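Here is how the chains run, residue by residue.
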Number of protein chains: 2
Amino acid sequence: MIEDKNQQRTQLSDLGEFGLIDHLTGNFKITQSSTIKGIGDDAAVLEFKNKQIVVSTDLLVEGVHFDLSYMPLKHLGYKAVVVNLSDVYAMNAKATQITVSIAVSNRFPLEALEDLYAGIETAARIYNIDVVGGDTTSSNKGLLISVTAVGEVDSGDVVYRNGAKPNDLLVVTGDLGGAYMGLQVLEREKEVFKVNPNNQPDLDLYSYIIERQLKPEARKDIVKLLADLEVKPTAMIDISDGLSSEIMHICTQSKVGCDLYEEKIPLDPQVISTCEEFNVDSTTVALNGGEDYELLFTISQDDYPKIKANPNFSVIGHIKEASAGLHLVTRADARIPIKAQGWKNFNA
Amino acid sequence: MIEDKNQQRTQLSDLGEFGLIDHLTGNFKITQSSTIKGIGDDAAVLEFKNKQIVVSTDLLVEGVHFDLSYMPLKHLGYKAVVVNLSDVYAMNAKATQITVSIAVSNRFPLEALEDLYAGIETAARIYNIDVVGGDTTSSNKGLLISVTAVGEVDSGDVVYRNGAKPNDLLVVTGDLGGAYMGLQVLEREKEVFKVNPNNQPDLDLYSYIIERQLKPEARKDIVKLLADLEVKPTAMIDISDGLSSEIMHICTQSKVGCDLYEEKIPLDPQVISTCEEFNVDSTTVALNGGEDYELLFTISQDDYPKIKANPNFSVIGHIKEASAGLHLVTRADARIPIKAQGWKNFNA
């Protein structure tokens, strides 16, 4: 919401397509032994010996998935990478390479794209992946980013969504609802800014949840931790759309039901206090908010001793036969069916 | 240009995101032994034993790369796949899987997306590849398609852009300029249609070049043919931006120069006649037109006997030392430096 009026602006057309690609991707270093050839040919060339390869792709659209009035471009680049890596980790795999394509209107100067790519480069460095390709083109309106991630996994270690069995425990990492409440705070500040552009918001009270929205992290550490603990989940998914949607994916694909305990859903104190301030129900936020990029998985009860003391994990329910259905068990011990949320994007 | 007023229209929001994905991708069959898991989890899972893997990605934007007023959606789906496969073949690799992501505004009903996916499915069947993932989201404006292709190649067989050596021959497949001239005809007919919507154009005279524009094919056959002929190119690229741009890529990356002979550039008679009709120079069209998706490659002179009788190939020049520069040798024996075209998309 703070605009630097003195920023330098270089027109994209000054560079030409190939000059632009070279300029933006010149900092990307190749560190993966599986990367034989990165950016600069018709395709990247990778080599994985006796590994299975996972491939995941996501598309982020301005005005649908992000709002540049409060999302700095560097954060956007970082987040675009992270949300894709999260899908790779949800397969219990190691992310190794990404491709990044962008469509961008003439309203963006070169410096804006440099910020975007600085965020991409930071994410690539922190998560130790190679950027091996992409496409850069113009759009009629706005900015769009498409990321495809490639990862590797030993054949016996891959975890699908469809392996949950009755009596398995339902486990989630971290805490939920923060990204959604961070978005609510940012949306409110945007409205305040429209009325009074000189207002400098004090967002210290919301620092955790705003960071969850603007700079989420993917749980690479969990894949390593599960391996160290010798726990192989029976099913796993990342939480991009919200807990209820992800539980439904696991239960539908595994052909099982489940009980989810409201009191077990992990919430950060800042989420609880902000929900009170906004007068929204924190359970609803955790169930439907999305964008937390935590991992949701199921494990055999035999593995419970290995995870029970670990602060990264919360057991939030258990798997039942399909005929039992999917239910939220409330604090008042009511059983409420878990339902799908509509596709918000198309209902807007 | 012919609109069916009675067509059925189903709102995308009626289906929801997951219903839509299931609906559109339900026809996709898995045929590749390297596809362990296709659509329906956080990522696709692939396995290639002792092969190198190539990955290529392209982004197509409405109003920039295609115009739906003359591009039927089924053709667009087909073309979006083909242009990506072309990059895989340009690595001398076999295409095996793709992911397809689309961003689409509410102006498109379900039936439009069904047409788009019918084209994708047709291309997948004809080129024998699996569709293993993707993302479907809404856009504020228009349609955008992002395709990522994966292929495999024996480590010794991969061909980069950077292997051309002085005295190598410069070879192109098929003929050039057709896709560009087809576009000129379609643009002209669009203008006529605006003035008189009842005019039914007679496009028989232009059938070949219009097909080159609306339904291009990737040269999968050439990869097989080169293997059968036991010719491994020293460098290869596909012709998406135009012959001059692709020659410059090969020469820059290989650190060589070249002579290109105008009289050797293969042109279809329909390209020549349409260039005369539009009063444009056919050599300029072949050099800068783009979108032909033919393959341009260099071979050692020792391999010349293996290709010389084959109607798929035209030898159009030869590689020189870098210090000699890059030149077009005209029919009048003038030597004109080959220059880069600007990035048309950003100059528009």
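Residues numbered from 1 in each chain as written. Chains lettered and ligands numbered in written order. Predicted model: local features only at pLDDT ≥ 70, side-chain atom pairs only at ≥ 80, totals over all residues. Heavy atoms only, no water.

### Topic: unusual backbone geometry
- Even without a glycine there, the phi angle at Asn128(A) is positive, about 55°.
- Given the relative accessible area of 34%, Asn128(A) is considered partly exposed. (Buried < 20%, exposed > 50% of the residue type's maximum accessible area, 1.4 Å probe, protein only.)

### Looking at the UniProt feature "binding site: Mg(2+) 5" (unreviewed entry) in chain A
Residues and elements named next belong to chain A.
- With numbering matched to this structure, UniProt assigns "binding site: Mg(2+) 5" (unreviewed entry) to Asp241.
- Topologically, Asp241 is positioned in the loop between strand S8 (235–238) and helix H7 (243–254).
- Under the relative-accessibility criterion, Asp241 is labelled partly exposed at 34%. (UniProt positions renumbered as here; feature names shortened; annotations may be inferred. Helix = DSSP H or I, 4+ residues; strand = E, 2+ residues; numbered from the N terminus.)

### Describing the side chain of Glu262(B)
- Along the chain, Glu262(B) turns up in the loop between strand S9 (256–261) and helix H8 (269–278).
- Residue contacts for Glu262(B): discarding those within four places in its chain leaves Thr283(B), Leu328(B), Val329(B), Thr330(B) and Arg331(B). (Contact = heavy atoms within 4.5 Å.)

### Things to note about the domain arrangement of chain A
Residue and element names in this part refer to chain A.
- Domain boundaries in chain A define domain 1 (12–156) and domain 2 (169–347).
- With centres defined by C-alpha atoms, the gap from domain 1 to domain 2 works out at 26 Å.
- The partner domain 2 presents 21 residues to the 23 residues of domain 1 that form the contact.
- Summed over both sides, the interface of domain 1 with domain 2 buries roughly 2000 Å², with 57% coming from carbon and sulfur.
- Of all residues in domain 1, Tyr70, Lys79 and Tyr89 give up the largest surface area on contact with domain 2, accounting jointly for 30% of the area buried on that side.
- Taken together, domain 1 and domain 2 are joined by 2 salt bridges.
- Glu291 serves as the salt-bridge partner of Lys79, at 2.9 Å between the closest nitrogen and oxygen.
- The interface formed by domain 1 and domain 2 includes 10 residue pairs in polar contact (both at pLDDT 80 or more).
- Counting residues per element, the side of domain 1 that touches domain 2 draws most heavily on helix H2 (residues 73–89), at 9 residues. (Domains from an automatic or database assignment. Buried area = accessible area lost by both parts, 1.4 Å probe. Salt bridge = Lys/Arg side-chain N within 4 Å of Asp/Glu carboxyl O. Polar contact = N/O pair within 3.5 Å; in protein donor to acceptor, adjacent residues only side chain to side chain.)

### Quick look at the relation of the copies chain A and chain B
- Once chain A is rotated about the relating axis by 180° and shifted along it by 0.0 Å, it coincides with chain B to within an RMSD of 0.0 Å. On this basis, the relationship between the two copies can be described by a two-fold rotation axis. Identified as the residue of chain A closest to the rotation axis by C-alpha distance is Lys49(A), at 3.2 Å.
- When the interface residues of chain A are mapped onto chain B, 100% of them again lie at the interface, so the same face is used by both copies. (Least-squares fit on C-alpha atoms with pLDDT ≥ 70 in both.)

### Observations regarding the UniProt feature "binding site: Mg(2+) 1" (unreviewed entry) in chain A
- In the numbering used here, UniProt assigns the feature "binding site: Mg(2+) 1" (unreviewed entry) to Thr57(A), Asp58(A) and Asp135(A). Judged by maximum C-alpha separation, these annotated positions cover 79 residues in sequence but sit close together in space, the widest gap being only 14.4 Å.
- With respect to the helices and strands, Asp58(A) occurs in strand S3 (residues 52–61).
- When sequence neighbours within four positions are dropped, the list of residues in contact with Asp58(A) reads Val83(A), Asn84(A), Asp87(A), Ile145(A), Ser146(A), Val147(A) and Asp135(B).
- By the element assignment, Asp135(A) lies in strand S5 (residues 130–138).
- Judged by its relative accessible area of 12%, Asp135(A) is buried.

### Focus on the sheet that holds strand S6 (residues 143–153) of chain B
- In spatial order, the strands read S1(A)-S2(A)-S3(B)-S6(B)-S4(B)-S5(B); together these 6 strands make up an open sheet with mixed pairing. In this open sheet, the two edge strands, each paired with only one partner strand, are strand S1 (35–37) of chain A together with strand S5 (130–138) of chain B. Adjacent strand axes in the sheet meet at a mean angle of 20°, parallel and antiparallel pairs treated alike.
- Relative to strand S2 (residues 44–47) of chain A, S1(A) is paired through 2 bridges, and the arrangement is antiparallel. Among the inter-strand pairings, Lys37(A) is bridged to a residue of S2(A), identified as Val45(A).
- Each of strand S4 (94–104), S5 and S6 of chain B touches helix H3 (residues 110–127) of chain B; the most contacted strand, S4(B), lies at about 170° to it. (Pairing = 2+ DSSP bridges. Axes fitted to C-alpha atoms, helices over the stretch in contact; angles between N-to-C directions.)

### Some remarks on the interface of chain A and chain B
- Listed as interface residues are 70 residues of chain A and, on the opposing side, 70 residues of chain B.
- Of the roughly 5800 Å² buried between chain A and chain B, counting both surfaces, carbon and sulfur atoms make up 55%.
- On the surface where chain A and chain B come into contact, there are 4 salt bridges.
- Here Asp42(A) makes a salt bridge to Arg161(B), at a shortest N to O gap of 3.2 Å.
- Linking chain A with chain B are 25 residue pairs in polar contact (both at pLDDT 80 or more), by the criterion used here.
- With 9 residues, S3(A) is the largest single contributor of residues to the side of chain A that touches chain B.
- Residues of the side of chain A that touches chain B, tallied by class, amount to 28 nonpolar, 27 polar and 15 charged.
- For S2(A) and strand S3 (residues 52–61) of chain B, the ladder comprises 4 bridges, and the chain directions are antiparallel. Residue Leu46(A) lies in a different strand from S3(B), and its bridge partner there is Ile53(B). (Nonpolar A, V, L, I, M, F, W, Y, C, P; charged D, E, K, R; others polar.)

### Some words on the packing of aromatic side chains
- What the rule picks out here adds up to 6 aromatic pairs over all chains.
- Judged by centre distance (5.6 Å) and plane angle (90°), the ring pair of Phe297(A) and Phe313(A) falls under edge-to-face. Placement of the pair is Phe297(A) in strand S10 (residues 295–299) and Phe313(A) in strand S11 (residues 313–321), with a sequence separation of 16 residues.
- Pairwise contacts between aromatic rings join Tyr78(A), Tyr89(A) and Tyr127(A) into one cluster.
- The lysine or arginine in question, Lys37(A), covers the ring of Tyr160(B), its NZ or CZ lying 5.1 Å from the ring centre.
- Positioned over the ring face of Tyr78(A) is Lys215(A), at 4.4 Å from the centre of the ring. (Phe/Tyr/Trp six-rings, centres within 6.5 Å; stacked < 30°, edge-to-face > 60°. Lys NZ or Arg CZ within 6 Å of the ring centre and 35° of its normal.)

### A look at the pattern of salt bridges
Residue and element names in this part refer to chain A.
- Counted under the stated rule, the structure contains 42 salt bridges over all chains.
- Close ionic contact of Glu294 with Arg219 constitutes a salt bridge, the shortest N to O distance being 2.8 Å. Of the two residues, Glu294 sits in the loop between helix H9 (282–288) and S10 while Arg219 sits in the loop between helix H5 (207–214) and helix H6 (220–228), which places them 75 residues apart along the sequence. The pair formed by Glu294 and Arg219 is uniform in burial state, with each residue classed as buried.

### A few points about the confidence of the model for chain A
- Across chain A, the average pLDDT comes to 90, with 94% of residues at 70 or higher.
- Long-range and interchain partners of residues 342–348 of chain A, a stretch whose pLDDT sits below 50, account for 22 contacts in this model, where long-range means more than four residues apart. (pLDDT = per-residue confidence, 0-100.)

### Let's talk about the sheet that holds strand S4 (residues 94–104) of chain A
- Strand order in the open sheet formed by 6 strands is S5(A)-S4(A)-S6(A)-S3(A)-S2(B)-S1(B), with mixed pairing between adjacent strands. Each having just a single partner strand, S5 of chain A together with strand S1 (35–37) of chain B make up the two edges of the open sheet. Each strand of the sheet is rotated relative to its neighbour by a mean of 20°, with strand direction disregarded.
- In this fold helix H3 (residues 110–126) of chain A packs onto S4, S5 and strand S6 (143–153) of chain A, with an angle of close to 170° to the strand it touches most, S4(A).

### Describing the environment of Tyr208(B)
Residues and elements named next belong to chain B.
- Examined against the element boundaries, Tyr208 turns out to sit in helix H5 (residues 207–214).
- Expressed as a C-alpha distance, the spacing of Tyr208 and Gly77, which sit 131 residues apart in the sequence, is 20 Å.
- Leave out the neighbours within four places in its chain, and Tyr208 touches Asp175, Asp268 and Gln270.
- Only 2.9 Å separates the side chain of Tyr208 from the side chain of Asp175, close enough to count as a polar contact.

### Digging into the packing of H2(A) against H3(A)
Residues and elements named next belong to chain A.
- Axis separation between H2 and H3 bottoms out at 7 Å; the angle between their running directions is 40°. With respect to each other, H2 and H3 are oriented oblique. H3 is crossed by H2, and the crossing has right-handed handedness. Between H2 and H3, the residues in contact are Leu73, Lys74, Leu76, Gly77, Tyr78 and Val81 and Ala112, Asp115, Leu116, Ala118, Gly119, Ile120, Thr122, Ala123 and Ile126, respectively. (Parallel < 35°, antiparallel > 145°, perpendicular 65-115°, else oblique. Left-handed = near helix turned anticlockwise from the far one by under 90°.)

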